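# Topology and contacts: notes
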Amino acid sequence: MLVIDQSNKPIMKREKWIDILRGIAILAVVIDHLFVLYPQFRINLLWKHMYFSIAWFVFLSGYTSVLSAQKSKIWTFPKSYFLYYAKRFTILIPYFSASLLIFLWENNFRLPQLVWSEFWHKLLYFSSQPTYYFVNLICQLYLVFPLLFHLLKISKTRWEKIILSLTVLILAFIILPFKAPSWPFSPPGRIFGGVYFAAFFLGMLLAQKAIILNKFTSILSGFSFAIFEFYFIYAQGNFLSVAPDFLLIGWSISLLLVAKVFWDKFKTAKWPILFPLSILGKHTLSIYLFHFFILGYALQYKFTNHFIQFIVIFFSALSIPIIPGMIYGKLITTYKIFHKKALN
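Counting starts from 1 at the beginning of each chain's written sequence and moves along it residue by residue. Restriction of local features to residues with pLDDT of at least 70 applies here, the model being predicted, together with a cutoff of 80 or more for giving and counting side-chain atom pairs; totals for whole chains, interfaces and linings are based on all residues. The side-chain numbers reported here are obtained from all heavy atoms of the structure, hydrogens and water having been left aside.

### Quick notes on helix α1 (residues 16–37)
Over its 22 residues, α1 runs 32 Å from end to end, which matches the ideal 32 Å to within 8%, given 1.5 Å per residue. Among the 22 residues that make up α1, 18 are buried, leaving the element largely enclosed by the rest of the structure. Helix numbering and strand numbering both begin at the N terminus, where a helix is a DSSP run of H or I of at least 4 residues and a strand a DSSP run of E of at least 2. One less than the number of residues in a helix, times 1.5 Å, gives the span that helix is expected to have. Buried, partly exposed and exposed residues are distinguished by accessible area as a fraction of the type maximum, computed with a 1.4 Å probe on protein chains only: under 20%, between the cut-offs, and over 50%, respectively.

Here is the structure:
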């Protein structure tokens, strides 16, 4: 949502529903990986219901990328492209910091004995943690976003938008998954995320209001999710695989749209659960970067022999990473203040 400050400059007001859905998604990520590492506590159907998380993150990244780009009244090459890159690729700063901290911790901070070539290899291949493939994935989507946004802006008629959308969907579901070489960050990974490319573009379409959540599309989203969910339960989630496909994207995005419709209808409700979800949503990146390390560390030292310990580890994986997230946020805020004073 755009508002105007006293200097008549447009500024972006944070949309609360995005933080809420990100909070739900990061909760699903942690639960998913908790069940992977601690199968003795796993509930299979619940575990597979957590697979929507990455598609949600990708969709919401497409949505927020459009909101960010819309701050500029004029979108031109190369200035607008590089301004977008300068903002979005700051994700590499916390990624580098988390990778370095984990590398030092795993080597007991013994600086003279560190093999720095190992660190740089893991950093460049996004392999310091098994979950870091997502940083590679989202950076690829950020890389292609300015071109997609430019094409959307010059697509004035409905048919032009339909042709562009069909082209992206064909790329995502047919060409990229089967023709692109495997990317080095994970076995199911494909260049531009394969089918995740479609989820990213759908998020852009919603932000551009090329997709409008009116009564018809809301019912359609609910009906689509009901069909996917019926098949999901009937097949015990077995149609989902490590490599994402149409079924996973369709199920995940229809669920997200249902959640968005639900939020629009009840956004004034004062539910206690919304506050912790919004906190998780604001610190999603930090939680994502550190949670798997915390879960693995507890597994290494056998801290989860009992269910109570299991729950403690779960909440630790959610809460401890918020601390570096808050520190990073404070540093960024301080930098912006000093930078603004320097310009004045």
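Still more to cover.
### Quick look at the packing of aromatic side chains
Two rings from Phe, Tyr or Trp (for Trp, the six-membered ring) form a pair when their centres are within 6.5 Å of each other. A pair whose planes differ by under 30 degrees is stacked, one over 60 is edge-to-face, and the rest are tilted. Enumeration over the complete set of coordinates arrives at 42 aromatic pairs. Each ring, one from Tyr-95 and one from Phe-126, has its centre 5.1 Å from the other, and the planes form 20 degrees; the classification is stacked. Here Tyr-95, found in helix α5 (residues 92–106), pairs with Phe-126, found in the loop between α6 (116–124) and α7 (133–154); they are 31 residues apart in sequence, far enough to count as distant. The burial state of Tyr-95 is the same as that of Phe-126; both residues are buried. To sit over a ring, a charge needs its Lys NZ or Arg CZ within 6 Å of the ring centre and within 35 degrees of the ring normal. Over the ring of Trp-47 we find Arg-42; its NZ or CZ atom is 4.2 Å from the centre of that ring.

### Focus: the nonpolar core
The biggest cluster of nonpolar side chains holds 102 residues, and the ones touching the most others in it are Tyr-38, Val-58, Phe-145 and Met-204. Ranked by the residues each element gives to this core, the list is headed by α1, at 13 residues. Buried Ala, Val, Leu, Ile, Met, Phe, Trp, Tyr and Cys residues form a nonpolar core when they are joined through side-chain atoms within 4.5 Å.

### Thoughts on a nonpolar patch on the surface
Residues Trp-159, Ile-162, Leu-166, Leu-169, Ile-170, Leu-171, Ile-174 and Ile-175 make up a contiguous nonpolar surface patch of roughly 720 Å² in combined accessible area. Topologically, Ile-162 is positioned in helix α8 (residues 158–179). For patch building, the residue pool is restricted to those with more than 30% relative accessible area and no salt bridge; the joining distance is 9 Å between like charges and 5 Å between nonpolar side chains (Val, Leu, Ile, Met, Phe, Trp, Tyr). Here the Shrake-Rupley method, with its probe set to 1.4 Å, supplies the accessible areas, and only the displayed protein chains count as covering residues. Each salt bridge in this description consists of a side-chain nitrogen of Lys or Arg and a carboxyl oxygen of Asp or Glu lying within 4 Å of one another.

### Details of unusual backbone geometry
Put simply, Phe-77 and Pro-78 share a cis peptide bond, and its omega is 5 degrees. Locating Pro-78 in the fold gives a position in the loop between α3 (53–69) and α4 (79–88). Despite not being glycine, Asn-108 has its phi angle at roughly 55 degrees, a positive value. Secondary-structure assignment places Asn-108 in the loop between α5 and α6. Look at Phe-126: it is not a glycine, yet its phi comes out positive at around 50 degrees.

### Considerations on the confidence of the model for the protein
Confidence along the protein averages 87 in pLDDT terms, with 89% of residues attaining 70 or more. Within a predicted model, pLDDT stands for the predictor's per-residue confidence, ranging from 0 to 100. Whether two residues are in contact is decided by their heavy atoms: any pair within 4.5 Å suffices. When the criterion is pLDDT under 50, residues 1–11 qualifies, and its contacts beyond four places in sequence or with other chains add up to 16 contacts.

### Describing the layout of surface pockets
When its volume is computed, the second largest pocket comes out at roughly 850 Å³. Both cavities and pockets are sets of points on a 1 Å grid over the protein atoms alone; in a cavity a 1.4 Å probe fits but cannot get out, in a pocket the set is open with protein on both sides within 12 Å along at least five of seven lines, and lining residues sit with an atom within 4 Å of a point. What lines the second largest pocket is a set of 28 residues, among which Leu-202, Leu-205, Ile-211, Leu-220 and Leu-257 lie closest to the centre. Elements supplying a minimum of two residues to the lining of the second largest pocket: α8, α9 (196–207), α10 (215–234) and α11 (246–266). Of the residues forming the lining of the second largest pocket, the biggest block, 7 residues, is contributed by α8. Partitioned by chemical class, the residues of the lining of the second largest pocket number 20 nonpolar, 6 polar and 2 charged. Grid points are joined across faces, edges and corners, and a volume is the space filled by probe spheres set on the points. Only Asp, Glu, Lys and Arg are considered charged in this grouping, and only Ala, Val, Leu, Ile, Met, Phe, Trp, Tyr, Cys and Pro are considered nonpolar; every other residue, Gly among them, is considered polar.

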